[in-house]
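Overview (structure and organization)
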Amino acid sequence: MRDKRFDEGREGGGGVSGPYVLGLGEVDEDRAGLVGGKAAHLGALSRIDGARVPDGFCVTTDAFRRVVARAPEVGALLDRLAGADPDDRQAVRAISAEVRRAVEEAGIPDDLAAGITGAVARSGEGAAYAVRSSATAEDLPTASFAGQQDSYLNVVGPEAVLRHIGRCWASLFTERAVIYRRRNGIDDRTVHMAVVVQRMVFPDASGVLFTADPVTGDRRTATVDAGFGLGEALVSGLLNPDVFTVRDGEVVARTIAVKERAVHALPGGGTREVTVGPEQRERPALTDAQVVELVRLGRRIEARFGSPQDIEWCLTDDGFRIVQSRPITTLFPVPVPLPEAAEGGRTPSVYVSVGHQQMMTDAMKPLGWSMWQRTAMVPMHEAGGRLFVDVTPRLASPASRAALLDVMGKGDPLVRDALETVLERGEFGAPAPDAGPMGSAGPVGPPAGGAPEAAVTEASVTEADPAVVAELVERSETSLAALERDIRTKSGPALFDFLAEAFDEHKRVLSDPLSIRAIMAGMEATWWLNDKLGEWLGEKNAADTLTLSAPGNITSEMGLDLLDVADAIRPHPEVVAFLNDVDVQDDDFLDELVKLPGGSGAREAIETYLARYGMRCVGEIDITRPRWSERPATLVPLILDNVRNFGPGAAERRFEQGRKKAFQAERDVLSRLRVLPDGERKADETKRMIDQVRAFAGYREYPKYGIVCRYLLYKQALLAEAGRLVRDGVLAEPEDVHYLTFQELEDVVRSRRVDDRVIARRKEEFRSYEALTPPRVLTSDGEAVTGAYRRNDVPAGALAGLAVSTGSVEGRARVILDLADAELEEGDILVTRFTDPSWSPLFLGVAGLVTEVGGLMTHGAVIAREYGLPAVVGVDRATQLIRDGQRIRVHGTDGYVEILS
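Within each chain, residues carry numbers counting from 1 in the order of the written sequence. Residues qualify for local features only when their pLDDT is at least 70, as the model is predicted, and side-chain atom pairs are given and counted only at 80 or more; totals for whole chains, interfaces and linings, by contrast, use all residues. Side-chain measures here rest on the full set of heavy atoms in the structure, leaving out hydrogens and waters.

1. What to know about the pairing of strand β25 (residues 887-891)
- Pairing of strand β21 (residues 808-815) with β25 involves five bridges; the strand directions are antiparallel. Each residue of the ladder has a partner; that of Ser-808, found in β25, is His-891.
- One requirement defines pairing of two strands: DSSP has to find at least two bridges between them. Only DSSP runs of H or I reaching four residues or more are called helices, and only runs of E reaching two or more are called strands; each is numbered from the N terminus. Pairing geometry for β25 and strand β26 (residues 896-899), over four bridges, is antiparallel. Bridged to Ile-888 within β26 is Ile-899.
- Hairpin connection, β25 to β26: the antiparallel pair is bridged by four residues, and Gly-895 has positive phi, about 80°.

Below is the structure:
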């Protein structure tokens, strides 16, 4: 129903009246749907003490709708635009141009034009104005839309104002605005345009204030960019601005640019570029006192809007004017303190990313991250849909600092370097002890699920007894069977009572002392072999070859078993042809498969595989992700790659080749050791460690497998509960539970009530979080601390990383961000952001591996060594710096990647 308020005249905001025109003093964020984001913020700004906003008015979105209604072809054009391929830039450009032309040619109705010109007359008919876009999808907390629509400066006269309002409306459909909306998941048909008309300010200086450092995210640091004249020169890149850095009310750094050009207003309207006089070029646009005053005002604005702001300002003789404020949407959020921590005073904290340890840095939905919190062994904090661990207590204590840095350094040298960077500032006591060069030091982290650090660092070595692993697997399977039996009978509030007990059992299994000792036995044997054989024989990463085809590795078996599935399919051409036409969204394909010759056997092979591995998927630590058992078609491209690239019996052949190579390496190492001084002792110790690493290295992957097995059962129970909530009319659709935390879902089940606004807001937040890159290390001030490889052994132009699987290989880079897009040929090198266990079947078909995230003991590294795949991980921005199809050389022994073409 149309809001009757829009049919009534009103007074206010300097005497502006009419159904389609509002004074800025009449609006704030509550009316953003009517006046757009920019006008809503300007109205709110005008109420902040000390924030002086140029006078003006807003032409509302109702006016825009009325004008667009005069051009009925716009609706059909927007439907065409919605159906256009997002990657077809030419089509998007052509259709959006047609929409703009239709909007501009629609014309402004006489009564609307009279209302606007009346507002201009009341503000000053001969004055100059800024005519600025204010779309409903603009200056949002999750998307700023900076520069996506058009604004015009120094517009003089009522007719010119009307003409430029029409141009602003049309600019809602510039190609850049349309593409920006697509990237942010916003439908063009849902966005409307208001227009702000403000008295023009002719400043001495202007620029931008960021109330948080836009590069590092540090919320305590503000930056001010400043130049002479209008801000257009700075925004357009015409000049390099002066840059001031302010921290705790003091200018701590400044860069004064040589300002040769500026933009000034022309007397009759419009702007022009002018040359700055020689006497002013090197003069600061602002004094330090003015900078501090501006930042102080910025902090008040930030407090009003509740988030760091990107603020456009002007300086005239009588002080600062604020002409715009929008959220800084590129900052990574600050971790949320746990309730017990929030009760104390503010203490600087340092957080380490969980996702980098788990090889899954994508954003998780609230149910996903809250479930991982509930089942993890250490407290975790959420930020931006990711989880972080607060390492401050251990970092601050000299007694525990060295052990923490050692563990983190083995896990990921970039994390250690970032932590040392924080320590060097002196905020946590003495700087870190000198641990020597990291080079290719192998990283390590806690066992899957996040076992307590004390257990990781203090666990003793277990002798190489294969019965230990068998016993641990039996314990896990027994616990899992009990969960599967008991959870089936639970629903409603009783389900959540049961899950509280199930989570305790989950943690008990993870913290089993024997399990931790077994994991540590494999890790410590790996470190020992690499260190000692490097010292005694000059061998780099000797354990890589010695652990080939180690028994009991559930993740490497997953890849080999998929080769067996391909063997069941390869002899049947009709099955292969059918699978080639299966869409990854077609999850009913198994029912059609049985109608083909050989289809029954193919289906049985796939279902057998799913029975053992169907709980896995990409991003499996997020319970909301579709499992392979829920989306079996996800496996089809991987199966077809195996059909195409391998022959029958490849699984057994590959495993046996690796085993023989490992035993040959063992014989070679032991014979070389025996001829050394004290060689028999060295050979005996090495043999013991080889037996130990082969007995326990494979088990490293099993606890994660146990976790995802339990997660599938939790998920099935929670989705069944979601289905009941939908049937009872509490939820609109089952997947809505993904946007509630576990505790919120329990509350909904008990109360039978939900706040739909929370779900809608969470969906919007999740879309924005997907665009963010999580840092390895983050402070409570919001600063993303970036580590670096302190190395001098990397050739010029090569990309440094961490050596995790020995060997060197050259081939075609395949940059793959989504497992479903993988089409590989023999000899290809996989380049991706991260690889959790679900990527392992892909490793069999590639010659090398490069990832942006990872460590020596993360899943991708373990499986790369298992398959004898040269691999380098932790290569910063690898998927951006390496183009798909380029030839590269991976130096898995020395830890770097060369781009050859």
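2. A few points about helix α17 (residues 466-487)
- Multiplying 1.5 Å by the residue count of a helix minus one yields the expected span of that helix. With 22 residues, α17 extends 32 Å from end C-alpha to end C-alpha; this agrees with the ideal 32 Å at 1.5 Å per step.
- Among the residues making up α17, those that are buried are Val-468, Val-469, Leu-472, Val-473, Ser-476, Ser-479, Leu-483 and Ile-487. End-on, the buried residues of α17 take up no more than an arc of 130°, which puts them together on one face. Turned more than 90 degrees off the buried face of α17, the exposed positions are Pro-466, Glu-474, Thr-478 and Arg-485.
- The contact criterion used throughout is that any non-hydrogen atoms of two residues lie within 4.5 Å. Those residues of α17 hidden inside the fold are in contact with α18 (492-510), α19 (513-537), α27 (679-696) and α28 (702-727). Partly exposed describes any residue whose relative accessible area lies between the buried limit of under 20% and the exposed limit of over 50%, with all areas from a 1.4 Å probe on protein chains only and scaled to the type maximum. As used here, the arc is the angular range of directions from the helix axis to the C-beta atoms.

3. Some remarks on the side chain of Glu-666
- When you line up the elements, Glu-666 lands in helix α26 (residues 650-674).
- Polar contacts here mean pairs of N or O atoms no more than 3.5 Å apart (in protein, one a potential hydrogen donor and the other a potential acceptor; neighbouring residues in sequence count only if both atoms are side-chain atoms). Here Lys-687 takes part through its side chain, which lies 2.7 Å from a polar atom of the side chain of Glu-666.
- Once you skip the residues sitting within four places of it in the chain, Glu-666 turns out to touch Leu-546, Lys-687 and Ile-690.

4. Notes on helix α6 (residues 158-170)
- Compared with the 18 Å implied by 1.5 Å per residue over 13 residues, the 19 Å span of α6 between its first and last C-alpha is a close match.
- Most of α6 sits out of view: ten of its 13 residues are buried.
- Within the span of α6, buried status applies to Pro-158, Ala-160, Val-161, Leu-162, His-164, Ile-165, Gly-166, Cys-168, Trp-169 and Ala-170.

5. Some details on the sheet that holds strand β23 (residues 848-851)
- Taken together, the eight strands give an open sheet; going across it, the order is β19-β26-β25-β21-β22-β23-β24-β20, and neighbouring strands pair in mixed fashion. Both outer strands of the open sheet, β19 (799-800) and β20 (802-805), are each paired with one neighbouring strand and no more.
- Against the sheet, helix α32 (residues 859-867) contacts β20, β23 and β24 (871-873), and its axis sits at roughly 45° relative to β20. Here an angle of 0 to 180 degrees is reported between the N-to-C directions of two axes, which are lines fitted to C-alpha atoms, with helices fitted over the stretch in contact.

6. Some thoughts on the sheet that holds strand β6 (residues 205-210)
- Pairing is antiparallel across the open sheet formed by six strands, whose spatial order is β9-β8-β7-β6-β12-β13. Single-partner strands in this sheet number two, and they are β9 (250-255) and β13 (319-327). Within this sheet the neighbouring strands show an average axis-to-axis angle of 20°, counted without direction.
- Two elements, strand β7 (residues 221-228) and strand β8 (residues 242-247), share six bridges in a ladder whose sense is antiparallel. When the sheet's bridge partners are listed, Thr-221 is paired in β8 with Arg-247.
- Helix α1 (residues 32-45) contacts β12 (309-316) and β13 of the sheet and is inclined by roughly 135° relative to β13.

7. Re unusual backbone geometry
- Positive phi outside glycine occurs at Ser-549, with the angle close to 55°.
- Mapping Ser-549 onto the fold places it in the loop between α20 (543-546) and α21 (554-569).
- For Arg-752, which is not a glycine, the phi torsion comes out positive at approximately 60°.
- Within the secondary structure layout, Arg-752 lies in the loop between α29 (742-751) and α30 (756-770).

8. Thoughts on the nonpolar core
- In terms of nonpolar packing, the biggest core is built from 79 residues, with Ile-569, Leu-579 and Ile-606 touching the most fellow members.
- When residues no more than four places from it in sequence are discounted, the contact partners of Ile-569 are Val-575, Val-576, Leu-579, Ala-602, Ile-606, Ile-639 and Val-643.
- In these notes, a set of buried Ala, Val, Leu, Ile, Met, Phe, Trp, Tyr and Cys residues joined through side-chain atoms within 4.5 Å is what counts as a nonpolar core. In this structure, Tyr-351, Ala-383, Phe-496 and Leu-731 belong to the second largest nonpolar core, which totals 52 residues.

9. Overview of the packing of α21 against α26
- For the pair α21 and α26, the least separation of the axes is 8 Å and the interaxial angle reads 150°. Contacts from Leu-560, Leu-563, Asp-564 and Asp-567 of α21 reach α26 at Ala-650, Ala-651, Arg-654 and Phe-655.
- For this scheme, ten residues count as nonpolar: Ala, Val, Leu, Ile, Met, Phe, Trp, Tyr, Cys and Pro. Four count as charged, namely Asp, Glu, Lys and Arg, and the remainder, Gly too, count as polar. When the residues that make up the contact of α21 with α26 are grouped by side-chain class, the tally is five nonpolar, no polar and three charged.

10. Some remarks on the confidence of the model for the chain
- The share of residues in the chain with pLDDT of 70 or more is 91%, and the mean pLDDT across the chain is 88.
- Confidence of the predictor at the level of single residues is captured by pLDDT, which takes values from 0 to 100. When mean pLDDT is taken per element in the chain, α29 scores highest with 98 and helix α16 (residues 453-458) scores lowest with 37.
- Contacts for the low-pLDDT stretch residues 138-147, under 50 throughout, to residues beyond four places or in other chains number 38 contacts.
- Note that pLDDT drops below 50 for residues 429-461; the model gives that stretch 90 contacts with residues more than four away or on any other chain.

11. Things to note about the packing of aromatic side chains
- The pairing test for Phe, Tyr and Trp rings, Trp by its six-membered ring, is centres within 6.5 Å, and the orientation test on the planes gives stacked under 30 degrees, edge-to-face over 60, and tilted for anything in between. One pass over the structure, following the stated rule, counts 13 aromatic pairs.
- Where Phe-332 meets Phe-388, the ring centres are 5.8 Å apart and the plane angle is 75°; that geometry is what we call edge-to-face. Here Phe-332 is found in the loop between β13 and α10 (339-342), whereas its partner Phe-388 is found in strand β16 (residues 386-390), with 56 residues between them in sequence.
- Taking relative accessible area as the criterion, Phe-388 reaches 0% and is therefore assigned buried.
- Measuring from ring centre to ring centre gives 5.4 Å for Phe-496 and Phe-742, while their planes differ by 50°; the resulting arrangement is tilted.

12. Focus: the side chain of Thr-851
- Here Thr-851 lies in strand β23.
- Assessed through its relative accessible area of 0%, Thr-851 is described here as buried.
- If near-sequence neighbours (up to four positions away) are discounted, Thr-851 is found in contact with Thr-832, Arg-833, Phe-834, Thr-835, Val-872, Val-873, Gly-874 and Val-875.

13. Some remarks on the pattern of salt bridges
- Any Lys or Arg side-chain nitrogen located within 4 Å of an Asp or Glu carboxyl oxygen qualifies as a salt bridge. A complete count under the given rule lists 65 salt bridges for this structure.
- When the shortest N-O distance is used, the salt bridge between Asp-591 and Arg-603 registers 3.4 Å. Taken as a pair, Asp-591 in helix α23 (residues 589-593) and Arg-603 in helix α24 (residues 599-613) lie far apart in primary sequence, twelve residues in all.
- Of the residues examined, Asp-591 reaches a relative accessible area of 43% and is grouped as partly exposed.
- Classification of Arg-603 as partly exposed rests on a relative accessible area of 22%.
- One network of salt bridges, with partners in common, ties together Glu-810, Arg-887, Arg-889 and Glu-898.

14. Some details on the environment of Leu-593
- Tracing the backbone through its elements, the reader meets Leu-593 in helix α23.
- Every residue in contact with Leu-593, bar those within four places of it in the chain, is listed here: Val-575, Phe-578, Leu-579, Gly-599, Ser-600, Ala-602, Arg-603 and Ile-606.

15. Let's talk about the environment of Ala-760
- Mapped onto the secondary structure, Ala-760 falls in helix α30.
- Residue class for Ala-760 comes out partly exposed when judged on its relative accessible area of 48%.
- Along the chain, Ala-760 and Tyr-739 lie 21 residues apart, while their C-alpha atoms are 8.5 Å from each other.

16. Some points on the environment of Leu-635
- Checked against the element boundaries, Leu-635 lands in the loop between α24 and α25 (636-645).
- With 29 residues separating them along the chain, Leu-635 and Ile-606 place their C-alpha atoms 9.0 Å apart.
- Excluding residues within four positions of it along the chain, Leu-635 makes contact with Tyr-609, Leu-610 and Trp-628.

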